[in-house]
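The lines below spell out each chain.
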Amino acid sequence: MSFMLGKGDHEARGAKWLVKLFAQYLRWIYLISTERRSLVHFNIAMERRGMIRDAPLIIVARFFCRRTIVHIHGGEFLSGCEMPRWLRVIVRVALANGPVIVLSELERAALSRNVPKARIVVLPNCIDLGEARRFERAFVDHEGLTILFLGRICEAKGIQAIYQALETSRNRGIKSRFVMAGGGPEEDLYVRKFRKLLGRDFEFAGVVTGSEKMSLFRKCNVFVLPSKFEGMPMALLESMAFGLVPITTGVGSIPEIVKDGHNGIIVNWQSSEEIANAIKRLSVDSEYMRNLGRNARQHIFDYCNSERYVKQLNAVYSL
């Protein structure tokens, strides 16, 4: 049974939203008090609004003595941001008992500073490698770059820095195709901006799933995600499994997946110049690009496969 709590991209916060939220809390109290299932698995992000919204659910579940596992998927407070003291108290109450899953050793260290009594387990994300196993990328010398962004289209994902980097690349005479997939609050703005900048070299794919997403991974060879905050992005793992070279910021658990110069390129947040330099390097050095793509693929096959993940998750459920 699943239970979702949150706000859609185009849903305004107001009286109607507050009534809906309150009704969801009442529904949760009823559900957790009457449902006798042995385990509640929470998926949350360690960020201000999310913790204020979700901590009461965890506390209620523990009040009714339900077995709980809290699975944290990144967030600003695991990426170096200081947690306010009042919020730290709430988080410590919510996470003090029961296993807490994080995505990396980096996140374990960050969480331990705020919740020293939490029982923390590191479990990296995994992906289905079926389609990637059936695909063999042909690394062709002097092949043009086809750059993919797949995610929420908003400032926090670095979409403006991508725009500026591609503008710089164009001014330097470096041509590439750019495919933007996903949706979000700034979707219309950036579709217009990229179309004006790149013309026929821009494609907007919208929200993609299944075979459409796999098709994008096959036809692109670079994945760009210069986010401000991340956990361990599924789209990053999926793209690397297809041999795409990642250009990404070293936030959240990404540094445990992407090693700069070995299987990807790490750039600083909002540094369009560094993104542009990475694009230039990949466009002129086919051997470098080939090595990064092959190493990216191998790393995901070795460490992010579902067989390994299920075994580790079952061990957490047995705690």
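Treat the numbers as computed from the prediction; the structure is a model and nothing was measured. (Residues numbered from 1 in each chain as written. Predicted model: local features only at pLDDT ≥ 70, side-chain atom pairs only at ≥ 80, totals over all residues. Heavy atoms only, no water.)

> Just give me the short version of the sheet that holds strand S8 (residues 222-225), but keep the residues and values in it.
Spatial strand order, S7-S6-S5-S8-S9-S10: six strands in an open sheet with parallel pairing. Strands at the two margins of the open sheet, each flanked by one partner only, are strand S7 (202-206) and strand S10 (265-267). For this sheet, the mean inter-axis angle between neighbouring strands, taken without regard to orientation, is 20 degrees. In terms of strand pairing, strand S5 (residues 146-150) meets strand S6 (residues 177-181) through five bridges, oriented parallel. Its bridge partner lying in S6, Leu150 is registered against Ala181. Set on the sheet, helix H8 (residues 210-219) makes contact with S5, S6 and S7; between it and S5 the angle comes to about 145 degrees. (Pairing = 2+ DSSP bridges. Helix = DSSP H or I, 4+ residues; strand = E, 2+ residues; numbered from the N terminus. Axes fitted to C-alpha atoms, helices over the stretch in contact; angles between N-to-C directions. Contact = heavy atoms within 4.5 Å.)

> So what's going on with the nonpolar core? Which residues, and what values?
Of all hydrophobic cores here, the largest spans 64 residues; its most connected members are Phe178, Met180, Phe194, Ile247 and Leu282. Excluding residues that lie within four positions of it along the chain, Met180 makes contacts with Phe149, Ile153, Ile159, Tyr190, Val191, Phe194, Phe202, Glu203, Phe204, Ala205 and Gly206. Among the nonpolar cores identified, the runner-up in size contains 35 residues, and Leu5, Ile32, Val40 and Ala55 belong to it. (Core = buried A, V, L, I, M, F, W, Y, C linked by side-chain atoms within 4.5 Å. Buried < 20%, exposed > 50% of the residue type's maximum accessible area, 1.4 Å probe, protein only.)

> Explain the pattern of salt bridges to me, and be specific about the residues and the numbers.
Note that side chains of opposite charge can pair when their charged atoms are close. Tallied over the entire structure, the rule returns 14 salt bridges. Note that Lys175 is salt-bridged to Asp201, the shortest N-O span being 3.4 Å. With a gap of 26 residues between them, Lys175 in the loop between helix H6 (159-171) and S6 and Asp201 in the loop between helix H7 (187-198) and S7 connect regions that are remote in the sequence. Taking the relative accessible area as the measure of exposure, Lys175 reaches 59% and is therefore exposed. With relative accessibility at 16%, the residue Asp201 sits in the buried group. The structure contains a network of salt bridges with shared partners spanning Glu131, Arg134 and Arg218. (Salt bridge = Lys/Arg side-chain N within 4 Å of Asp/Glu carboxyl O.)

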